[in-house]
Amino acid sequence: MSHSLNDPSRRTGLSDPYLAVTGPSFTDFLRATSPDLLPGRRAIAGNLPDGIAPHGTTIVAATYDRGVIIAGDRRATMGNVIAQRDIQKVFATDSHSAIGIAGTAGIALEMVRLFQVEIEHYEKIEGATLSLDGKANRLAQMLKGNLSIALQGLAVVPIFVGYDTASPHEDSGRIFSYDVTGGCYEERFYHSIGSGAMFAKSSLKKLWRQDLGQDEAEEILITALYDAADDDTATGGPDATRGLYPNVFRVDREGTHQIPDADIERTCAQIDAERSSRLRRLGSRRSAEAEGTL
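A brief look at the structure comes next. (Residues numbered from 1 in each chain as written. Predicted model: local features only at pLDDT ≥ 70, side-chain atom pairs only at ≥ 80, totals over all residues. Heavy atoms only, no water.)

Focus: the environment of V90
And step 1. Structurally, V90 is set in strand β6 (residues 90–94).
And step 2. Sequence spacing of V90 and N247 is 157 residues, and the spatial spacing of their C-alpha atoms is 6.3 Å.
And step 3. The contact partners of V90, leaving out residues within four places of it in the chain, are I59, I70, A71, G72, I99, G100, N247 and F249. (Helix = DSSP H or I, 4+ residues; strand = E, 2+ residues; numbered from the N terminus. Contact = heavy atoms within 4.5 Å.)

So this is what it looks like as structure tokens:
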């Protein structure tokens, strides 16, 4: 029997799953049409040995008086080897949010791209912007779908930040953290993830304050990455020789903006100068004390 000319599949050339109404979630659509393309649907037998895939490391975020800033170092490791020195781990997800990723780099990058499409797909289908809480929860659902391979060693842990446009307050930057099971937690003031998180968060705990401006917030985040790189071999510090500096994004009422490398370079040079000056003063004092004891 020939298909009717009124049959949508005949007119468009698309199969039934593409024409079915699956709701505003692109992830659900992909699960119905091509589940093998989802990051967590790979068929993997047994546990995987360490060091077979590059891992992204430290990400830091902090709120300031007009929004939130997120930054990430540029190093990816594979076991005890530096796999890449200039990887990007922080991305804009839409006009008022950004994401940083730590964990298995390849899967994390796939998840970021899928999350970006998920938000855009929702807005096209619904004709409205997904709320910040809605975006955070969608990301949590995607992480739950990745649990099976996370338990086999290919874990991804993101940090999600955004500006709550529904809030009347100017300082409405928010930070969300996750675990590999899809648990979503809102963090207050600052947070860090990745192998250098312990050192970075200790730094942020000392430097963060309630009335931080944008420039000050950028400086304390870069300082936190410096401190993480001092003690964690998987975290890469700023590399002036190669011109490699942390990726930094600012999210405020005006939108999501990447801070230019030139601005980050100036901030890094300032931090270097302050630390060098402090070390010289310390060295001079110790020399004077040693001469006084002779």
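Things to note about the layout of surface pockets
And step 1. In this structure, the largest pocket occupies an estimated 250 Å³ of space.
And step 2. T63, D171, G173, F189 and Q210 are the residues nearest the centre of the largest pocket, which is lined by 14 residues in total.
And step 3. For the lining of the largest pocket, the secondary-structure elements that each account for two or more residues are β2 (59–64), β9 (173–178) and β10 (184–187).
And step 4. Considering every element that reaches the lining of the largest pocket, the biggest residue donor is β9, with three residues.
And step 5. Across the lining of the largest pocket, the residue classes tally to four nonpolar, four polar and six charged. (1 Å grid on protein atoms, 1.4 Å probe; cavity = no way out; pocket = protein on both sides within 12 Å on 5 of 7 lines; lining within 4 Å. Points joined across faces, edges and corners; volume = space filled by probe spheres on them. Nonpolar A, V, L, I, M, F, W, Y, C, P; charged D, E, K, R; others polar.)

Re a positive patch on the surface
And step 1. Taken together, the side chains of R278, R280, R281, R285 and R286 present a region of like positive charge at the surface.
And step 2. Its place among the elements puts R278 in helix α9 (residues 261–293).
And step 3. Owing to a relative accessible area of 46%, R278 belongs among the partly exposed residues under this scheme. (Patch = residues over 30% accessible without salt bridge, like charges linked within 9 Å, V, L, I, M, F, W, Y side chains within 5 Å. Areas by Shrake-Rupley, 256 points an atom, 1.4 Å probe, with all protein chains shown as cover. Salt bridge = Lys/Arg side-chain N within 4 Å of Asp/Glu carboxyl O. Lys, Arg positive; Asp, Glu negative; His and termini not counted. Charge placed at Lys NZ, Arg CZ, Asp CG, Glu CD. Buried < 20%, exposed > 50% of the residue type's maximum accessible area, 1.4 Å probe, protein only.)

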